[in-house]
Each structure stands twice: as C-alpha cells, then as structure tokens.
Amino acid sequence: MRGDTRWPLPSVTHQTEVVIAGGGVAGLAAARALGQKGREDFVLLELEDEAGGNSRGGLIEGVPCPLAAHYLPLPGDDAPEVQDLLEELGLRQRVAGRWTYDDRHLCHSPQERLFFNGHWQDGLLPLQGVGQDTLNAYQKFAQLVTQARAQARWSIPASKHPLAHIHKALAAITFAAYLDQKGLTDTHLRWYLDYCCRDDYGAGIATVSAWAGIHYFASRHGFAVPGHETNEREGLLTWPEGNAWLTRRLATPLGSRLHCGQVVLRIASLKHGVEVDALNTRTQAVERWQARRAIVALPVFVAARVLENPPDWLLQAAARTVYAPWLVANIHIRSPLQDRPGAPPSWDSVIYDSQATTAGLGYVDALHQNLQSVPGATVLTHYRALGDHKAPGMAPGAAGRQLLLSQSWQHWRDTILAELAQPHPDMAAKVTRIDITRYGHAMAVPIPYSLDENRLWRTDQKDLSLLQSKQFALSHERVRFAHSDWAG
C-alpha cells in the first residue's frame, strides 16, 4: 500500500445517506450524534477488525487489557457533552441532588507511584531526598500556574472560551523555553513536567508548546506543592480493557451499520452527493458507497490522501501536523512481582530517569480495579512515547516512526524488561508473553506556532472565531471533518 497501487474498479455499489470514514472515537461520536438526530441511514467504515481506534482493547491469557488509551478524567462543566455520554452509559447519575459516579469504575487507591532513588514513593512528583532548591522550584512553578489561572480561562475543550493574550504568547514558544525564561532549571521539576507532556501529548517539554504545558495543569487540577496537597486527587474512570469499555458501548448500537475491515481508498464530492471507495479486506474486493454526505473521521494526513482534489487548507494542515509515534506493550505475568521498598503496588507505576527522553512511561495494572483478596496473574500495560526521538535529517516524529518500524520485537522485549527490572528484579522470570502494538501516528502534538498567522485551523475564508463558535463545522463541499487532529 506504500507503493503506486492500482486498485480494481468497484465490484458492487451501495446506497446510504451518510458515510462515516473512520471508526475511532471521532467516528463513533459522529454516529451517535446522527442517531440522536433521528438519522439512521448511515454506515461507518473502519480499517481494523474492531471499532475504537486508539481506544481499542485486547485479551491476553484471559486478562482484558488496553491497546492504547486507558482512562478518562472526570469531565468538568465545560464538557457537558461528555457528562451526558457518561450519564447515558450509567456511569454518572444524580443522587440526592448531587452528581455521583459509579464507584466500580472510578480508579481505586493507591492510584500512582514513582520509583525514585531506589524506593517507591506515593505520587509522581519526585520528593524522596530532594533538596530545598527543588522544593523552591516546585513552589515557584505552582505560583506560575496559579497566576495563569487568574489571567485567563483554561478549559477542556479549549474552544469553549476565547483565546486570551497569555494563551497566544505561550503558544508561540516551547515549554522548555518558557521554563528557561522563568529560571526553572531544576532537574527534578523538569523531569516531572517532561513526563507529564510525554504522557499526554506524546512528546516532551522541548517539543510541545508552553500553552500545552501550562494547559495540562491550569485546565484541571492545578499544581500541588508538597506539603500543601489536598486529600482529593483528580478523579478518573478506568477499566481493565481501558477506554475500549467506552468505545464498545458506542459501537454496539450500530449493528449492521458498522463495517470493519474496510480500507478507505477514495472520497469524492460529486454534484449531488459523494462517492466513497473502500477495499473489503475479507473479500479483497473494492466496494463503492454512494451517499448524500460523508464525515471524514480520519487523521488529517490520511484525510488529505483519500480525499479526491483536496483543498489547499487541508494539504497545508496535513503538512504542518506533527504526529507522535507510540509503542504499547502488554506484559502478562504469572504471579505478583517482587517489589522494592516504599509505596505499595498502584494502578500506575512510573520509573524515574532524568536522562532518557525516550524512556518508558511506566505501566498500569489491568487488574488494579479487581477486588481479589489474593493477587495473581495479571497484565501490565507499558507505554513508550517516541515523539522526541531524533535522527539527522529527519523531521519531528519521523525518527520515532523509523525506530518503531525498524526495531524487532526482541529489541523492544529486551529494552522494556531491562527498564522494568530496576524496581522488579524478578520481572523476566515471571513474564509469559509480551504483545507489542505500534502506532506510527498516535496523536497530533501541540507544537509551538503563532495563533495569528499560519494557524492549523485556517480554512478558505474561515477564521478562528468561527471555529470556536458552535455553529461552525469544518467542511469542504459535501464532506465534513471530525477528528482530534483538528483540536489545534
């Protein structure tokens, strides 16, 4: 498919009102939105054997586990659509006049821990044995986050409120440059902030914008200074299979309208409708769908390839978007691991490494939510973000993709087991199987750029204020676009 493939002519033609290309969260959300409007004559075409995109799940030795996204922070009032979805799925309900979440799906304590200086500590901010200079740096950064929250609204989604001057200024520089400007050079603070960015954005502080770095804290829980934390941690929902719990419930009502194993090859706008050609991987035949409209719920770079005669703004957006490659390893262990001293096993366990920008992001325990009294076999899901990997002459993201593509399963096995052996010396002896999933274009990285010119959102004669209005939909002729890439 990387070559100059000549596809056969379509062998069959289908009719429908709307075709949705792509069955990730965006495509499933589009299908749900159509259903809510009473429009049932549509189909959703999905490349994989199961819908869900980066929120699919797996099963290893009978243990469910995530293949990528594995949790959902509790949505605030700026995200009523997400609140409505969780209410619809029975996760959120009003009890005695207050909104509550189903305890079975809230992440249990202990939630997270860090292997630092040979010990496990509670929480991910390095604390064991750090000096006063480090604590002062934590305090200074906390004050900066507090100031940013006082200067402007920081919301999820960001489009809920107008962009302020501070947003524009921070969007133009890297997070590392911002920290340099503020004199925040402490190694431990910068490791933590780099970890946070790699975990959420696929790349670290030298790559993502300062706007994204501050937004991580200012839009959610702020930055807790040691000794001044509250007892409440940010609530989040998680499941053994990760966010596949959500996407499977979005996909189930679609029934026969969901077509998996479909490789979308071409989307063309015609005078009175659209044509969508897709390769059916089961029959190896090309099938054509004729519809009034299409919703392209695909990454921007894919949308630019499959759309016939794409507009310039789509090609420009595809050229500007930087994608982070990711590796996800699901590691089945036959029995509980030997643990170094300190904090007990948690849902999320991270290993401190101040030098390696491509080190792993730790692991989550698929059975942490299980209330079994005697721990047994489980699956540990290990994550590696490769958006910062560099090689001479290669564009951002490309070097990580090349590394991901070229290295063998054995290479990743040995690298991961060596890393996890630091806190768990018996890791290799207890592993029975490792499944590795590679994502070449896992997510769009929020890199620095000017919000006044050459912005990702620019379209023909549309401007940012329109994109932030509820009435505006990103579209071209009879095609509309829906994907997280367009979040900017």
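Please refer to the structure placed before this passage.
What comes next concerns the included structure. (Residues numbered from 1 in each chain as written. Predicted model: local features only at pLDDT ≥ 70, side-chain atom pairs only at ≥ 80, totals over all residues. Heavy atoms only, no water.)

**Details of the side chain of Glu241**
For Glu241, the location among the structural elements is in the loop between strand 11 (236-238) and helix 8 (244-251). Once you skip the residues sitting within four places of it in the chain, Glu241 turns out to touch Arg56, Gly57, Pro64, Cys65, Pro66 and Arg248. (Helix = DSSP H or I, 4+ residues; strand = E, 2+ residues; numbered from the N terminus. Contact = heavy atoms within 4.5 Å.)

**Here's the deal with the sheet that holds strand 2 (residues 18-21)**
One open sheet holds the six strands; their spatial order is 12-3-2-16-23-22, and the pairing between them is mixed. Single-partner strands in this sheet number two, and they are strand 12 (258-259) and strand 22 (475-476). Summarising the sheet, strand 22 and strand 23 (residues 479-481) pair through two bridges and their orientation is antiparallel. Residue pairing across strands places His476 opposite Val479, the latter belonging to strand 23. (Pairing = 2+ DSSP bridges.)

**So, the packing of aromatic side chains**
For any pair of aromatic rings, the description rests on two quantities: the centre-to-centre distance and the angle between the ring planes. Summed over the entire model, instances satisfying the criterion amount to 20 aromatic pairs. Between Phe141 and Phe217, the ring centres sit 5.5 Å apart and the planes meet at 80°, which makes this aromatic pair edge-to-face. In this pair, Phe141 sits in helix 3 (residues 132-151) while Phe217 sits in helix 7 (residues 210-218), placing the two residues 76 residues apart along the sequence. Judged by relative accessible area, which is 0%, Phe141 ranks as buried. Ring centres of Tyr192 and Phe217 lie 6.3 Å apart, and the angle between their planes is 40°; on these two criteria the pair is classed as tilted. (Phe/Tyr/Trp six-rings, centres within 6.5 Å; stacked < 30°, edge-to-face > 60°. Buried < 20%, exposed > 50% of the residue type's maximum accessible area, 1.4 Å probe, protein only.)

**A look at the environment of Gln316**
Checked against the element boundaries, Gln316 lands in helix 10 (residues 312-320). Considering only alpha carbons, one finds Gln316 and Arg39, 277 residues apart in sequence, at a separation of 33 Å.

**Quick notes on the nonpolar core**
Core analysis: the largest hydrophobic core is formed by 60 residues, its most contacted members being Phe141, Phe175 and Phe223. Looking at this core, the element that brings in the most residues is helix 6 (residues 187-201), giving eight residues. Excluding anything up to four places from it in sequence, Phe175 contacts Phe141, Leu193, Cys197, Ile205, Val208, Ser209, Ala210, Gly213 and Ile214. Residues Ala278, Ala291, Val300 and Trp486 belong to the second largest nonpolar core, which totals 28 residues. (Core = buried A, V, L, I, M, F, W, Y, C linked by side-chain atoms within 4.5 Å.)

**Some thoughts on helix 11 (residues 398-406)**
Taken together, the buried positions of helix 11 are Ala399, Gly400, Leu403 and Leu404. Seen from one end, helix 11 has its buried residues packed into an arc of 135°, which puts them on one side. Looking at the buried residues of helix 11, the elements they touch are strand 17 (323-333), helix 12 (409-420) and strand 21 (431-444). (Arc of directions from axis to C-beta.)

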